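# Notes for the structure review
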Amino acid sequence: MTAVLPTKSIEERKTSKFVLWGRTRIYVLFLTLTCITFMLMNTMTFTFTIICMDDIVEDHHMIWNYTGMGSSVMFTTVGVMPGVWAPSSEVNTFMAILSCSFQLSSIICMPVSGLLCESSFGWRSIYYLFGSITLVMFILFWFTYTDDPGAHRNVSQKELSKIKDGKPPTIIKREPVPYRKMIADPTVLISCISYFGGNMGFFVLCLYGPTYLREVLKFDVKETGFLTALPFILAAGTKFSAGQVSDRLTFLSEKRCLQHVHFPLAAIAVGAYFIQFLAPIIVSFICPDNTAEQWTVFFLFISAVCVVCNLGFPIFTRSEAADYTKKSGEVEKSDEKS
């Protein structure tokens, strides 16, 4: 089965005189990053403003069962956009920057929410502010983003050649996805388990960090906002550095690195969605009275889950491409070498 991508030939392309100095892909990257960040900020605004709603809520502990659907679908965007817009030498950096949106949303949301909660504007202003900016950014995204860099008027021919270099041709053969082999692959399995553990710690901080700092440790709202953001600053810096290092490891081709990647990304997204339903149940079971001792047990339990889920990663994961990502001829050659 073949598919023809909607690209135009060099002669048919019409470009604008303003090509953003050959860096249109950087503009698209940061526009996408901003949209994802503000979308996530809107999903987590409630987790902070719950500590400010003294005028309408008496019991903060009993109203935590709500969806986190928006943040789960972001994994797909983080996986797809770099493959389309980034040159082969920048794919991992693009992916690392976009995945920083999960940290940036907390870094921005928590301090700003803390300041607004204690201001004369009140906690309701947080929803108006973030909602308005989100609307503006998505309107801008709608009018300036294209699924194909070749269809973007601000992408110069030189930049388009750089983006397309080393990638599959316009007409590609779609390979069947080997779901059974991927499910049985120790690297895929342990990677998904590792992500589950890491996301458990991440979403717990997002969902319950403000409540713990405010209700248990008795910080004021402004301090709670800034302190909640601190761990995410470190995580964002680490992600960006990892992306830079990964792009410099050139012993694997991008085609080899990204074959069938949509399946594990979908599994990770489902896991993230499940965690946001599971966390409130665990909290209600371990911390029924909202005491410091109960929260200590809860955080020790979450820490243990993170450690256990990541123990097998350095043991079972392999950097070599699996046989099901190779063509039949490549498999035979690798068997002969072994």
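The protein chain goes by Major facilitator superfamily (MFS) profile domain-containing protein in an unreviewed UniProt entry, where it is assigned to Caenorhabditis brenneri.

### Looking at the overall build of the protein chain
A tally of helices and strands in the protein chain yields 14 helices and 2 strands. The proportion of buried residues among the 338 residues of the protein chain is 44%. Counting only contacts in the protein chain whose residues sit at least 6 apart along the sequence, the fraction spanning at least 24 positions is 82%. Element-wise, carbon and sulfur atoms account for 67% of the exposed surface of the protein chain, whose accessible area totals about 18800 Å².

### Some remarks on the UniProt feature "transmembrane region" (unreviewed entry) in the protein chain
The sites that carry the UniProt feature "transmembrane region" (unreviewed entry) are, in the present numbering, residues 26–51, 63–85, 91–114, 126–145, 188–208, 263–286 and 298–317. Here residues 26–51 runs as 92% helix and 0% strand, with 38 Å between its end C-alpha atoms.

### Some points on the packing of helix α8 (residues 186–216) against helix α12 (residues 292–311)
For the pair α8 and α12, interaxial distance at closest approach is 8 Å and the crossing angle is 160°. Classified by the interaxial angle, the pair formed by α8 and α12 is roughly antiparallel. α8 and α12 meet at a crossing whose hand is left-handed. Facing I193, S194, F196, G197, G198, M200, G201, V204, Y208, Y212 and V216 of α8, the residues of α12 in contact are A292, W295, F298, F299, I302, V305, C306, C309 and N310. Split into classes, the residues belonging to the contact of α8 with α12 amount to 15 nonpolar, 5 polar and no charged.

### Re the confidence of the model for the protein chain
In this model, the protein chain carries an average pLDDT of 77, and 75% of its residues clear a pLDDT of 70 or more. Predicted confidence in the protein chain is weakest over strand β1 (residues 2–4), with a mean pLDDT of 40, and strongest over helix α5 (residues 124–144), with 93. Across residues 251–256 the pLDDT falls below 50, and counting only partners more than four positions away or on other chains, this stretch makes 10 contacts in the model.

### So, unusual backbone geometry
Note on backbone geometry: most residues besides glycine have negative phi, and most peptide bonds are trans. Of note in the backbone geometry, L20 takes a positive phi value of approximately 55° without being a glycine. Tracing the sequence through the fold places L20 in the loop between β1 and α1 (24–49). The phi angle at N290 is positive, at roughly 60°, despite the residue not being glycine. Within the element layout of this structure, N290 appears in the loop between α11 (262–286) and α12. Judged by relative accessible area, N290 falls into the partly exposed class, the value being 24%.

### Quick notes on the packing of α1 against helix α4 (residues 101–117)
Direction vectors running N to C along α1 and α4 enclose 50°, while the axes themselves pass 8 Å from each other. The angle between α1 and α4 places the two elements in the oblique class. Considering only the axes of α1 and α4, their crossing is right-handed. Along the contact surface, α1 presents L33, I36, T37, L40, M41, M44, T45, T47 and F48, while α4 presents S101, F102, L104, S105, S106, I108, C109, M110, S113, G114 and C117. Its residues assigned to classes, the contact of α1 with α4 shows 12 nonpolar, 8 polar and no charged.

### Details of the pattern of salt bridges
Throughout the structure, instances matching the rule amount to 4 salt bridges. Note that R25 and E159 form a salt bridge whose closest N and O atoms lie 3.2 Å from each other. Of this pair, R25 sits in helix α1 while E159 sits in helix α6 (residues 157–164), placing them 134 residues apart in sequence. Residue R25 shares its accessibility class with E159, and that shared class is buried.

### Some thoughts on the nonpolar core
Generally speaking, soluble globular proteins have nonpolar side chains that are buried together. Membership of the largest hydrophobic core comes to 58 residues, with the highest contact counts inside it found for M81, W295 and F298. No other element matches the 10 residues that α8 contributes to this core. Counting residues domain by domain, this core receives three or more from each of domain 1 (18–166) and domain 2 (178–325).

The rules we used
- For every chain, the first residue of its written sequence is number 1, and the numbers climb from 1 along that sequence.
- The model is predicted, so local features are restricted to residues of pLDDT at least 70 and side-chain atom pairs to those at 80 or more, both for listing and for counting; the totals for chains, interfaces and linings are taken over all residues.
- Hydrogens and waters are ignored; side-chain quantities use all the structure's heavy atoms.
- Here a helix means four or more residues in a row that DSSP labels H or I, a strand means two or more in a row labelled E, and each is numbered from the N terminus.
- Buried residues are those whose accessible area, probed at 1.4 Å on protein chains only, stays under 20% of the maximum for their type, while exposed residues exceed 50% and partly exposed ones sit between those limits.
- Here a residue-residue contact requires only that any non-hydrogen atoms of the pair lie within 4.5 Å.
- Per-residue accessibility takes into account occlusion by the displayed protein chains alone, with areas from the Shrake-Rupley method and a 1.4 Å probe.
- UniProt positions are given in the numbering used here, feature names are shortened, and annotations may be inferred rather than shown by experiment.
- Angles shown run from 0 to 180 degrees and are taken between the N-to-C directions of axes, each axis being a line fitted to C-alpha atoms and, for helices, limited to the stretch in contact.
- Geometric relationships in this document are graded by angle, where less than 35 degrees denotes roughly parallel, more than 145 denotes roughly antiparallel, 65 to 115 denotes roughly perpendicular, and other angles denote oblique.
- Crossing handedness is defined as follows: a turn of the near helix away from the far one that is anticlockwise and smaller than a right angle gives a left-handed crossing, while the clockwise case is right-handed.
- Nonpolar residues are Ala, Val, Leu, Ile, Met, Phe, Trp, Tyr, Cys and Pro. Charged residues are Asp, Glu, Lys and Arg, and all others, Gly as well, are polar.
- What pLDDT conveys is the predictor's confidence in a given residue, as a value from 0 to 100.
- Here, a salt bridge means any Lys or Arg side-chain nitrogen found within 4 Å of an Asp or Glu carboxyl oxygen.
- Think of a nonpolar core as a cluster: buried Ala, Val, Leu, Ile, Met, Phe, Trp, Tyr and Cys residues, connected wherever their side-chain atoms sit within 4.5 Å.
- An automatic or database domain assignment is the source of the domain bounds shown.

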